[in-house]
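What follows is the residue order along each chain.
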Amino acid sequence: MNTAELLADDPLWLILVKVVAIFAFLVVMTLFMINWERKVVARMQQRPGPNRVGPNGWLQSLADGLKLAFKEDIRPVLADKWVFFLAPVVSCIPAFVAFSVIPLGGEVSIFGERTALQLVDLPVGVLVVLACSALGVYGIVLSGWASGSPYPLLSSLRAAAQVISYEIAMGLSILAVVMNSHSLSTADIAGTQTGTILWGLLPAWNAILLPVSFLIYVTSMVGETNRAPFDLPEAESELVGGFHTEYSSLKFALFFLAEYVNMVTVSALATTLFLGGWRFPFVGDDHILNSGWFGLLWFVIKTLGFLFLFIWLRGTLPRLRYDQFMRLGWKFLVPIALVWFVAVAFARYVRQEVETGTGLDTSTALIVIGAFLAAILLIAFLLPDKREQQDPNAVPITGGGYPVPPLDLKVPKSPPRRQVPVAELPGDQTKEPAAVTAASQKEASDGRV
Amino acid sequence: MIASLLAQQPDAVERVVDTVTTGEAVAFWILGPLALAGALGMLFARNAVHSALWLVLTMLSLGVLYMVQQAPFLGFVQIIVYTGAIMMLFLFVLMLVGRDSSDSVVEVLRGQRLAAAVIGVGFAGIVVASVARALTDVEPVGLAAQNTQNGGNVANIGEALFTDYLFPFELTSALLITAAVGAMVLAFTSRTGKDAKKTQRELVEERFRGNRPGSLPGPGVFATANSVATPALLPDGSVASESLSELIETTAKERLEDDVAEVSGTGHQPDAHALKGESS
């Protein structure tokens, strides 16, 4: 039975249960992620991390959230009243909505009703996530603009440029997946990644079949969620707090929530598109490991893997400069994604022709591929060498921009110290206080050496 | 096992209907006024960013309306492309312009309001007349077939786009590429040649070879002025010419006379006896 058909006859109460369950899942994941992130980063930096509130400090984020809710809500005088209020709401809602199309598990029975662990399965499911991430940027952009203060405005300009550029790379990387699985529906894309390749050695996941798409998606999902090393909109060394500098209390909490929910959503989408969704690899759909609620377990494990990657990146990499970041997006990710997309389309065409046995035989295909490679080689040879001209008189400059002395610099030997004769003090030293005596003796001894 | 959506789904035909359902009517009467309110708000908002936000509301309402009317692909593409990309670029430019810039109320073109009103009403009349005929006289058919058979909504749109409408599609792409190349030509700066832009490294080395490796003196911000147009004063009261900007018109020297006098010590001095209450 199709997932869409399974979900179509859900009664209203079941839909409500699913909505509440997804909301609760995302909020709990946020609370968990904040703690997990702080603990893992702390461990990477050889310090204990939060360990006071609750068992092993695991309730720290809950305590912080409660504290945030009771803080004073401040609105700057220059702020745009309505937009300032609207921005955190706009950033939060799409983050939650995007999760509705993610398949969390297979067919289960809830209170006697057969259904799939997914809120809704649209024929254009992947587009829902892209649309939601496009709307989520409005929250960041509007918050920066409405704050009426220069740093948040700079931050929102950065966010707008950043998300638009990385959305293009993300969309292009998803295109190859969509082409490979003949569908835009998330449940169908997860469903096509069953089985194995290479005589059963590897699961037929899109991450393995389409590795370039996978890498581009993983890079652009970090850029899309404004996380380190791409957290330029909230670079605290340059922009105070970025777009949420002027926010406090629950509005600030909403931004925090939106950021972490977005992380969970893009990780869940990565799981669905590239790691086979909720299915356990190597076994079929009728196996015990893929039945009932087991799917949810595999899904959560895979998603946590991506979330750990986020934390790991944050603990490891320094923040990129803005122009480096834009160059990475436009001059590296987008062209590679385009070339890869064409290559995948060509490979699919060749396979289709060979399988159906019409028109194209193997030798023709090989000739076409060989001609293609020859053309690439020719272009590579014809490209002029680009070598930077080295000025022989150039002052060597370090990364900091200051001239450094050459490594073979001869430092003249320092002259031997002359011994300075020190007069012997009279014998009544014992009457002085102890501290003074010690100090004066030290000075004296220094002089004698 | 989940079958591919591209496979035929015979029982899906029952769910896709050609007639207007109650839910669709309810959605229309909610989304229609919202879209209209967004359009009016866009026209009458004083602030440019508020205008853009009202337009976003209109586009979102239209997108949801498409989804309700069995066109999910069109609906989401409307949201992604128009709301997500195009309006975001609008906002980007508006924010660069500045948040406090509102429309000027001075009319530059004489009689433009009257002409705009007449032409606008005329255009609305033409559109309503042509669309009204299509809504009443033409009977919609084939929606269920298009949305269920031969791969469903997305596959059928793709097929139509790349077979029957291939030429308009290619023309549109040529238009977009022309626009992109034009933008690149306008924004292009040469790295080589006579008027090449210097790299960061070249600038650094140039600075170290020059007379002043450090930064130039900042503007003179005194207690009496907080403008960068105020030049810095040297200890003898003369103006530090390096602190002047080439771009900003500097404050007139006459307005600085008090400051100059104070810095050079020739002006009014504080009265040491003032605190004791004795008049000197």
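Residues numbered from 1 in each chain as written. Chains lettered and ligands numbered in written order. Predicted model: local features only at pLDDT ≥ 70, side-chain atom pairs only at ≥ 80, totals over all residues. Heavy atoms only, no water.

Caption draft 1: Summary view of the overall build of chain A. Scanning chain A from terminus to terminus reveals 15 helices and four strands. Counting all 449 residues of chain A, 45% fall into the buried class. Looking at chain A alone, contacts between residues at least 24 apart form 76% of all its contacts between residues at least 6 apart. Accessible surface computed for chain A: about 24,400 Å², of which carbon and sulfur atoms make up 68%. (Helix = DSSP H or I, 4+ residues; strand = E, 2+ residues; numbered from the N terminus. Buried < 20%, exposed > 50% of the residue type's maximum accessible area, 1.4 Å probe, protein only. Contact = heavy atoms within 4.5 Å. Areas by Shrake-Rupley, 256 points an atom, 1.4 Å probe, with all protein chains shown as cover.)

Caption draft 2: Seen up close, the side chain of glutamine 162 of chain A. All names here are of chain A. Structurally, glutamine 162 can be placed in helix H6 (residues 150-181). The exposure class of glutamine 162 is buried, given its relative accessible area of 0%. Within the structure, glutamine 162 has its side chain in polar contact with the side chain of asparagine 226 (distance 3.2 Å). Filtering out sequence-adjacent residues up to four positions away, glutamine 162 remains in contact with Gly223, Asn226, Phe230, Leu232, Pro233, Phe325 and Met326. (Polar contact = N/O pair within 3.5 Å; in protein donor to acceptor, adjacent residues only side chain to side chain.)

Caption draft 3: Representation of the confidence of the model for chain A within the structure. Per-residue pLDDT for chain A has a mean of 81; in total, 89% of the residues score no lower than 70. Contacts from residues 432-449 of chain A, a stretch scored under 50 in pLDDT, to residues over four places away or in other chains number eight contacts. (pLDDT = per-residue confidence, 0-100.)

Caption draft 4: Quick peek at the pattern of salt bridges. Residue and element names in this part refer to chain A. Applying the stated criterion across every chain yields a total of eight salt bridges over all chains. The partner of glutamate 37 in a salt bridge is arginine 314, with the nearest N and O atoms 2.7 Å apart. Residue glutamate 37 is located in helix H2 (residues 12-44), and its partner arginine 314 is located in helix H12 (residues 294-316); the two are separated by 277 residues in the primary sequence. The exposure class assigned to glutamate 37 is buried, which follows from its relative accessible area of 2%. Residue arginine 314 is classed as partly exposed on the basis of its relative accessible area, which comes to 43%. (Salt bridge = Lys/Arg side-chain N within 4 Å of Asp/Glu carboxyl O.)

Caption draft 5: Region of the structure containing H6 of chain A. The terminal C-alpha atoms of H6 of chain A, which comprises 32 residues, lie 46 Å apart, in line with the 46 Å expected from a rise of 1.5 Å per residue. Histidine 182 of chain A sits one or two residues past H6 of chain A and shows a positive phi near 60°. (Expected span 1.5 Å × (residues − 1).)

Caption draft 6: Region of interest: the confidence of the model for chain B. Residue and element names in this part refer to chain B. In the predicted model, chain B carries a mean pLDDT of 77, and 76% of its residues have values of at least 70. Per-element averaging of pLDDT across chain B places helix H9 (residues 257-264) at the bottom with 72 and helix H7 (residues 166-187) at the top with 91. Here residues 1-14 scores under 50 on pLDDT; set against residues more than four positions off or in separate chains, the count is 24 contacts. Of the two predicted TM-score estimates for the complex, the pTM is 0.74 and the ipTM is 0.72.

Caption draft 7: Focus on the packing of H2 of chain A against H12 of chain A. All names here are of chain A. Where H2 meets H12, the axes come as close as 10 Å, and the angle between the chain directions of the two elements is 45°. Viewed along their axes, H2 and H12 adopt a mutual orientation that is oblique. As H2 runs across H12, the sense of the crossing is right-handed. Of the residues in H12, those in contact with Phe25, Met29, Phe32, Met33, Trp36, Glu37, Val40, Val41 and Met44 of H2 are Val300, Leu304, Leu307, Phe308, Ile311, Trp312, Arg314 and Gly315. (Axes fitted to C-alpha atoms, helices over the stretch in contact; angles between N-to-C directions. Parallel < 35°, antiparallel > 145°, perpendicular 65-115°, else oblique. Left-handed = near helix turned anticlockwise from the far one by under 90°.)

Caption draft 8: The arrangement of unusual backbone geometry in detail. All names here are of chain A. One non-glycine residue, histidine 182, lies in the positive phi region at around 60°. Examined against the element boundaries, histidine 182 turns out to sit in the loop between H6 and helix H7 (186-191). Non-glycine residue serine 249 carries a positive phi angle of around 60°. With respect to the helices and strands, the residue serine 249 is situated in helix H11 (residues 249-274).

Caption draft 9: Region of interest: a nonpolar patch on the surface. Residue and element names in this part refer to chain A. Taken together, the side chains of Phe346, Tyr349, Leu366, Val368, Ile369, Phe372, Leu373 and Ile376 make up a nonpolar region of the molecular surface, amounting to roughly 740 Å² of accessible area. Counting only elements with at least two residues in the nonpolar patch, the list comes to helix H13 (322-356) and helix H14 (362-382). Considering every element that reaches the nonpolar patch, the biggest residue donor is H14, with six residues. Position of valine 368 among the secondary structure elements: in helix H14. (Patch = residues over 30% accessible without salt bridge, like charges linked within 9 Å, V, L, I, M, F, W, Y side chains within 5 Å.)

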